[in-house]
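As a plain string of letters, each chain reads:
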Amino acid sequence: MCDWIVFNGRLCYNFVFCFQVWFESGVSEDAVSCHIQLLYPGRTPCFECLPPLVVASGLDEKTLKREGVCAASLPTTMGLVASLLVQNALKWLLEFGEVTSYLGYGAAKDSFYRVNLFPNPHCADQWCCRRQAERREQLERLGLPLNAPWNAEQQVVAETARRQAELNASKPKHEENEFEIEVDSVGDVDHGSSLRMTMSEEIFPLGEGVRTMYPIPKPVRQVDDPAVAGDDCCAMEPDTLEALMARMKQL
């Protein structure tokens, strides 16, 4: 839908009376700017709330279109406004992100502008005025200001969730310690550290100021000849088949 379409044609589908939420889009006559707009009865402007300047001035809207001149149409601008429109419709349907009430784009300088529009309290559409009165009563019941944005409820919920997340992050992970577990720093030396150090230094001498956290086990002595191993054969690792057979013969 483009801005150069007659204003009376838009009023034919001004669904304020049936409380229908929908999006509309428009492209300027020179096709270098476009916009998308959310129409939420009672919360955002309807078509009659913000009429074109020509219509608001009391002039004939046919003067917008020059005789013998066709309005420009750029596929790039049309594709851009269509993608923005679908993106906001998906955010509304799938309930993610923040839906914009009005987003404009100017191709001349590649500029985007976002505006929060409010319905006109003196709108000529009686259904629009009725929806605005219902919205004001709703805001009063919720304790919100009358000039609150159209998505004030969602903003309150998001702010409450953010504060709750910050509060949970500041609390300790475990408030209760049923088994009285305490965590000491790694650098603390316990009573068994000197014993572990003595046992470790007997096997592997360490330099001055160096100690091990846990005792190093003694290495298993390897026996090459099972026939002369005697009792020490039990300490031999059965790496080969011959070593395993030698152990079986001693049983």
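Procedures and definitions
- Residues numbered from 1 in each chain as written.
- Predicted model: local features only at pLDDT ≥ 70, side-chain atom pairs only at ≥ 80, totals over all residues.
- Heavy atoms only, no water.
- Helix = DSSP H or I, 4+ residues; strand = E, 2+ residues; numbered from the N terminus.
- Buried < 20%, exposed > 50% of the residue type's maximum accessible area, 1.4 Å probe, protein only.
- Contact = heavy atoms within 4.5 Å.
- 1 Å grid on protein atoms, 1.4 Å probe; cavity = no way out; pocket = protein on both sides within 12 Å on 5 of 7 lines; lining within 4 Å.
- Points joined across faces, edges and corners; volume = space filled by probe spheres on them.
- Nonpolar A, V, L, I, M, F, W, Y, C, P; charged D, E, K, R; others polar.
- Pairing = 2+ DSSP bridges.
- Core = buried A, V, L, I, M, F, W, Y, C linked by side-chain atoms within 4.5 Å.
- Polar contact = N/O pair within 3.5 Å; in protein donor to acceptor, adjacent residues only side chain to side chain.
- Phe/Tyr/Trp six-rings, centres within 6.5 Å; stacked < 30°, edge-to-face > 60°.
- Lys NZ or Arg CZ within 6 Å of the ring centre and 35° of its normal.
- Axes fitted to C-alpha atoms, helices over the stretch in contact; angles between N-to-C directions.

**A look at the overall build of the protein chain**
(1) Moving on: In terms of regular secondary structure, the protein chain is built from seven helices and four strands.
(2) Moving on: Counting from the amino terminus, helix and strand elements in the protein chain follow one another as α-β-β-α-α-β-β-α-α-α-α.
(3) Moving on: For the protein chain, the proportion of its 251 residues judged to be buried stands at 27%.
(4) Moving on: Restricting to contacts in the protein chain with at least 6 residues of sequence separation, those with at least 24 account for 51%.

**As for empty space enclosed by the protein**
(1) Moving on: Applying the stated rule across the entire model yields two cavities of 30 Å³ or more.
(2) Moving on: Approximately 30 Å³ is the volume found for the second largest cavity.
(3) Moving on: If you trace the second largest cavity, you find it lined by Arg43, Thr44, Asn116, Leu117, Phe118, Pro149 and Trp150.
(4) Moving on: Grouping the constituent residues of the lining of the second largest cavity by class yields four nonpolar, two polar and one charged.

**What to know about the pairing of strand β4 (residues 111–114)**
(1) Moving on: Bridge count between strand β3 (residues 102–106) and β4: four bridges; the pairing is antiparallel. In the strand pairing of β4, Tyr105 is matched with Phe112.
(2) Moving on: Between β3 and the antiparallel strand that follows it, β4, lie four residues; Asp110 among them carries a positive phi value of about 50°.

**Topic: the nonpolar core**
(1) Moving on: Among the nonpolar cores identified, the biggest contains eight residues, and these are Val27, Ala31, Cys34, Ile36, Val81, Leu84, Leu103 and Tyr105.
(2) Moving on: For this core, the elements supplying multiple residues, two or more each, are β2 (33–39), α3 (75–94) and β3.
(3) Moving on: Among the nonpolar cores identified, the runner-up in size contains five residues, and Leu38, Tyr40, Val99 and Trp150 belong to it.

**Let's talk about the pairing of β2**
(1) Moving on: Taking burial as the measure, the seven residues of β2 include six buried ones, the bulk of the element.
(2) Moving on: One ladder, built from six bridges, connects strand β1 (residues 22–27) with β2; its direction is antiparallel. Among the inter-strand pairings, Ser25 is bridged to a residue of β2, identified as Ile36.
(3) Moving on: With antiparallel pairing between neighbouring strands as the criterion, β1 and β2 make up a hairpin whose turn holds five residues, including Ala31 at a positive phi of roughly 65°.
(4) Moving on: One ladder, built from five bridges, connects β2 with β3; its direction is antiparallel. Bridging across to β3, Ile36 finds its partner in Leu103.

**Here's the deal with the side chain of Gln132**
(1) Moving on: Here Gln132 lies in helix α4 (residues 126–142).
(2) Moving on: Overall, the relative accessible area of 5% leaves Gln132 in the buried class.
(3) Moving on: A distance of 2.8 Å separates the side chain of Gln132 from the backbone oxygen of Asn120, its partner in a polar contact.
(4) Moving on: Sequence-distant contacts of Gln132, that is, excluding residues within four places in its chain, are made with Gly42, Cys49, Pro119, Asn120, Pro121 and Cys123.

**Side note on the packing of aromatic side chains**
(1) Moving on: One pass over the full model with this rule turns up five aromatic pairs.
(2) Moving on: With a centroid separation of 6.2 Å and 45° between ring planes, the pair formed by Tyr40 and Trp150 is classed as tilted. With Tyr40 in the loop between β2 and α2 (53–56) and Trp150 in the loop between α4 and α5 (152–170), this pair connects stretches of sequence that are 110 residues apart. Of the two residues, Tyr40 and Trp150, neither departs from the other in class, the shared state being buried.
(3) Moving on: Taken together, the ring pairs in this structure connect Tyr40, Trp92 and Trp150 into an aromatic cluster.
(4) Moving on: One residue, Arg130, lies across the ring of Trp127, its end atom 4.3 Å from the ring centre.

**A few points about the sheet that holds β2**
(1) Moving on: The strand order across the open sheet formed by four strands is β1-β2-β3-β4, and the pairing between neighbours is antiparallel. Two strands lie at the open edges of the sheet, namely β1 and β4, each paired on one side alone. Strand-to-strand twist in this sheet, taken as the mean axis angle between neighbours without regard to direction, amounts to 15°.
(2) Moving on: Sheet contacts for α3: β1, β2, β3 and β4; angle to β1, the most-contacted strand, approximately 165°.

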